[in-house]
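Below, each chain spelled out in residue letters.
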Amino acid sequence: MRKINISFQLEERAKAELSDADKLLVESAEKFLSHAYAPYSKFSVSAAALLDNGIVVNGTNQENAASPSGLCAERTAVFFANSQYPECKVTTIAISAFFQGEIIANPITPCGSCRQVLLETENRQKSPIRVILAGKDNCFIINSIKDILPLNFDSTFFE
Ligand code: THU
């Protein structure tokens, strides 16, 4: 028997300590929070994806009375980016959330399905996606979605 330890490091930064480019991306995510359609959960999420051509693609959560038909902000953004600019890579994605009148205190963490879709995007474009998880005053910065989806499943299992 052996035990395997899996760990990763993330960077925590106050918003004021972000680079200008990262600050702009977080601000872009925050700006689009009002575009979320979240009448059921009242939890608005917004994602801003920076592409390697410099364009920022935004997505917000879009809910539905038939709840499985809705979609999270991260997948809305990434599916739109892959549809509109299939030749471009997503270099960084910033995610922000708003609940009960304010941006949530702790950085938002993506759901498992969004991690899986971001992983497929990394594999497809053959380069990692930096992930900025934004809270009210601070952010977590992660260098690759793989860091937050250890032991992940991808197409190599059936290649
Ligand atoms: N949601 C996202 O858009 N992204 C996440 O990372 C977590 C959850 C949405 C889904 C649903 O519309 C609402 O937040 C509450 O779960």
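One can find the structure itself at the top, above this paragraph.
None of the values given here were measured: they were computed from a predicted structure. (Residues numbered from 1 in each chain as written. Predicted model: local features only at pLDDT ≥ 70, side-chain atom pairs only at ≥ 80, totals over all residues. Heavy atoms only, no water.)

Draft legend 1. Local environment of the pairing of strand β2 (residues 43-51). In terms of burial, β2 is a largely internal element, seven of the nine residues being buried. As defined by bridge partners, β2 adjoins strand β4 (residues 90-99) across nine bridges and the pair is classed as antiparallel. Within β4, the position partnered with S44 by the bridge is F98. Adjacent in sequence and paired antiparallel, β2 and strand β3 (residues 56-60) are bridged by four residues, among which G54 carries a positive phi angle near 90°. (Buried < 20%, exposed > 50% of the residue type's maximum accessible area, 1.4 Å probe, protein only. Helix = DSSP H or I, 4+ residues; strand = E, 2+ residues; numbered from the N terminus. Pairing = 2+ DSSP bridges.)

Draft legend 2. Examining the pattern of salt bridges more closely. Using the criterion set out here, one finds four salt bridges in the structure. Note that R13 and E11 form a salt bridge whose closest N and O atoms lie 2.6 Å from each other. R13 sits in the partly exposed class, given a relative accessible area of 31%. The partner of K146 in a salt bridge is E122, and the shortest N-O contact between them spans 3.6 Å. One end of the pair, K146, is in the segment after β7 (138-142); the other, E122, is in helix α3 (residues 112-125), with 24 residues separating them in the sequence. Overall, E122 belongs to the buried group, its relative accessible area being 2%. (Salt bridge = Lys/Arg side-chain N within 4 Å of Asp/Glu carboxyl O.)

Draft legend 3. Just the site of the ligand, in detail. Around the ligand, the structure places S41, F43, V45, N61, E63, C72, A73, E74, T109, P110 and C111. Contact distances for the ligand include 2.6 Å between an oxygen atom and a side-chain N or O atom of E74. Expressed as a share of its isolated accessible area of 370 Å², the protein-covered part of the ligand is 75%. Elements with a contribution of two residues or more to the shell around the ligand: β2 and α2 (73-84). Its residues placed into classes, the shell around the ligand shows six nonpolar, three polar and two charged. (Near = heavy atom within 4 Å. Polar contact = N/O pair within 3.5 Å; in protein donor to acceptor, adjacent residues only side chain to side chain. Areas by Shrake-Rupley, 256 points an atom, 1.4 Å probe, with all protein chains shown as cover. Nonpolar A, V, L, I, M, F, W, Y, C, P; charged D, E, K, R; others polar.)

Draft legend 4. Fine view of helix α1 (residues 20-31). Relative to the 16 Å expected for twelve residues at 1.5 Å per residue, α1 spans 16 Å between its end C-alpha atoms, a close match to the ideal helical length. Here α1 has its buried residues at D22, L25, V26, S28 and A29. Buried residues of α1, seen end-on, are gathered within an arc of 155° and therefore sit on one face of the element. When the buried face of α1 is taken as reference, the exposed residues oriented beyond 90 degrees from it are D20, L24 and K31. Contacts made by the buried residues of α1 are with β2, β3, β4, β6 (130-134) and β7. (Expected span 1.5 Å × (residues − 1). Arc of directions from axis to C-beta. Contact = heavy atoms within 4.5 Å.)

Draft legend 5. Expanded view of the nonpolar core. With 26 residues, the main nonpolar core has I93, I95 and V131 as its most contacted residues. Mapped by element, the contributors of at least two residues to this core are β2, α2, β4, α3 and β6. Once residues within four sequence positions are removed from consideration, I95 is found in contact with V45, S46, A47, E74, I108, P110, V131, I132, L133 and A134. Residues A94, I132, A134 and C139 belong to the second largest nonpolar core, which totals ten residues. (Core = buried A, V, L, I, M, F, W, Y, C linked by side-chain atoms within 4.5 Å.)

Draft legend 6. Local environment of the packing of aromatic side chains. Applying the stated criterion across every chain, the model contains three aromatic pairs. When the centroid spacing of 5.1 Å and the interplanar angle of 5° are considered together, the rings of F153 and F157 count as stacked. F153 sits in the partly exposed class, given a relative accessible area of 47%. When its relative accessible area of 58% is taken as the criterion, F157 is described as exposed. One aromatic cluster is present, built from ring pairs that chain together F153, F157 and F158. (Phe/Tyr/Trp six-rings, centres within 6.5 Å; stacked < 30°, edge-to-face > 60°.)

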